[in-house]
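The residues making up each chain are set out below.
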Amino acid sequence: MSEKLNLEKSFKLYDDALNLIPGAILGIRRPYNFVEGEYPIFFETAKGGKVIDVDGNEYLDMLCAYGPIIIGHREEEIDNAVIDQIKNKGFCMSLTQQVQNKLAKKLKELIPCCEKMVFVKTGSDATTIGIRVARGYTKRVKILRCGYHGWHDWCVENKGGIPKKLYEDVYEFEYNNLDHVTKLMNTYGNDVAAIIVTPINHPGGHEVEMPKPGFLEGLRELADKHGALLMYDEIRTGFRVNLGGAQKKFGVIPDLAAFGKALANGYSISFLAGKEEIMDVLIEEVFLSSTFFPNSLPQVAALKTIEIMERDDVLGSIRKNGEIFAKNIKQVIEDSKVPCTFSGGPWMPYITFDSDPNYLYRKLREEFYRQLIRRNIFLQPYHHGYICYRHTVEDLNNAANMIGESLKECRKFM
Ligand SMILES: Cc1ncc(COP(=O)(O)O)c(C=O)c1O
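This text gives an overview of the structure that appears in the document. Quick caveat: nothing in here was measured; it's all calculated off a predicted structure.

This part covers helix H11 (residues 360–374). With 15 residues, H11 extends 21 Å between its outermost C-alpha atoms, agreeing within 8% with the 21 Å of an ideal straight helix rising 1.5 Å per residue. Burial runs high along H11: eleven of the 15 residues are buried. Residues of H11 that are buried: Tyr361, Leu364, Arg365, Glu367, Phe368, Tyr369, Arg370, Gln371, Leu372, Ile373 and Arg374. Close packing links the buried residues of H11 with strand E3 (58–61), strand E12 (350–353), strand E13 (377–378) and helix H12 (393–410).

Given below as structure tokens:
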């Protein structure tokens, strides 16, 4: 039986923050998204594949900042390139710096749909400018969507504070259900500007799903048939499943795609990429500008991150280690006889508990993640994990053992 961690300082900081920030912490990092009372609330430092909380507990970081950490925390080559830019050139100027073009050329070389692109800062920026571009180009208003696309008015789940007119033209469809999309397109097709989808489905709290054969191809056909655009939200899949994105991996090319997260190993940058003719609506008809979008630091970080990823075959290594990890976890789950499922393949490992009428799965989930954090493995009950390059085979084998032990602890409820 592992002991509860000492988290005194985390709780104290949380109490302070309650008086400063509504809810103390923003969104998904709030304590109720973990196991309350068991998880740290504040981290102090991070290096490689590990994080240390404010009370000095060290964890294997398998959440990777929710996706941006693709190589590892505090990667010296990347940070040094950024420091060099700060010290020798500067990064916040009234005109654009030339590193923009260098990064753009590299991305164009890597990503199939990318003839032109615009750099923004967050995933929500990139998906939202994509929707605006699609509407500007097609002169249509309706959107079909599937997946989490960020916090902006058109797509956020919690509708508080948003006038209905800002999302009433947006229709959700079920992933891997072409019949559903066909029905929606038969009803609204002539008014649909874009179908936007996360090429891999990663819904909160549920299994990660890969596209069924024919699903992405079917979306492509439906979009073409009705004169709508196909847009991928590659915020999580980009620079993780393949350097050219999920579109390169699965071979179905969208008209537009949003990228972010892993592109710069933690520095804040995202972009919308797409076919030239479509993207060119941004020349005049469709407006985009922001004080910080042209900031060159994350562009420098992105270039260096890509350079390392290509040089060291980072994604090949993540895939290889992730496949071994996935195999080990499936075995550990089978041995445990606990009703749970592994999903996410080699990139987005996730253990979800199979639902049952008596809600036993909730108890099992809570106990499992409680036991796991006590064993210093940092994962999140309602979100899949990630594997980064600095996770060693030894780290991942240890995580598999800890997962096995934690599942065994769950057996007391069965
Ligand atoms: C698939 C996807 N799209 C969009 C977003 C929004 O990105 P951001 O939180 O950077 O605004 C996220 C964030 O998790 C995401 O996972």
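What follows is about the packing of helix H3 (residues 99–110) against helix H9 (residues 297–311). One way to put it is that H3 packs onto H9 with a least axis distance of 9 Å and a crossing angle of 40°. Between H3 and H9, the angle is such that the two are oblique. Seen from above, H3 lies across H9 with left-handed handedness. Two secondary-structure elements touch here, H3 through Val99, Gln100, Lys102, Leu103, Lys106, Leu107 and Leu110 and H9 through Gln299, Val300, Ala302, Leu303, Ile306 and Glu310.

The next thing to look at is the sheet that holds E13. Strand order in the open sheet formed by four strands is E1-E2-E3-E13, with mixed pairing between adjacent strands. Single-partner strands in this sheet number two, and they are strand E1 (43–47) and E13. As judged from the three bridges shared by strand E2 (residues 50–53) and E3, these two strands associate in the antiparallel manner. Following the sheet pairing, lysine 50 is matched in E3 by leucine 60.

What counts, and at which threshold
- Residues numbered from 1 in each chain as written.
- Predicted model: local features only at pLDDT ≥ 70, side-chain atom pairs only at ≥ 80, totals over all residues.
- Heavy atoms only, no water.
- Helix = DSSP H or I, 4+ residues; strand = E, 2+ residues; numbered from the N terminus.
- Expected span 1.5 Å × (residues − 1).
- Buried < 20%, exposed > 50% of the residue type's maximum accessible area, 1.4 Å probe, protein only.
- Contact = heavy atoms within 4.5 Å.
- Axes fitted to C-alpha atoms, helices over the stretch in contact; angles between N-to-C directions.
- Parallel < 35°, antiparallel > 145°, perpendicular 65-115°, else oblique.
- Left-handed = near helix turned anticlockwise from the far one by under 90°.
- Pairing = 2+ DSSP bridges.

Just distances and angles here, no functional claims.
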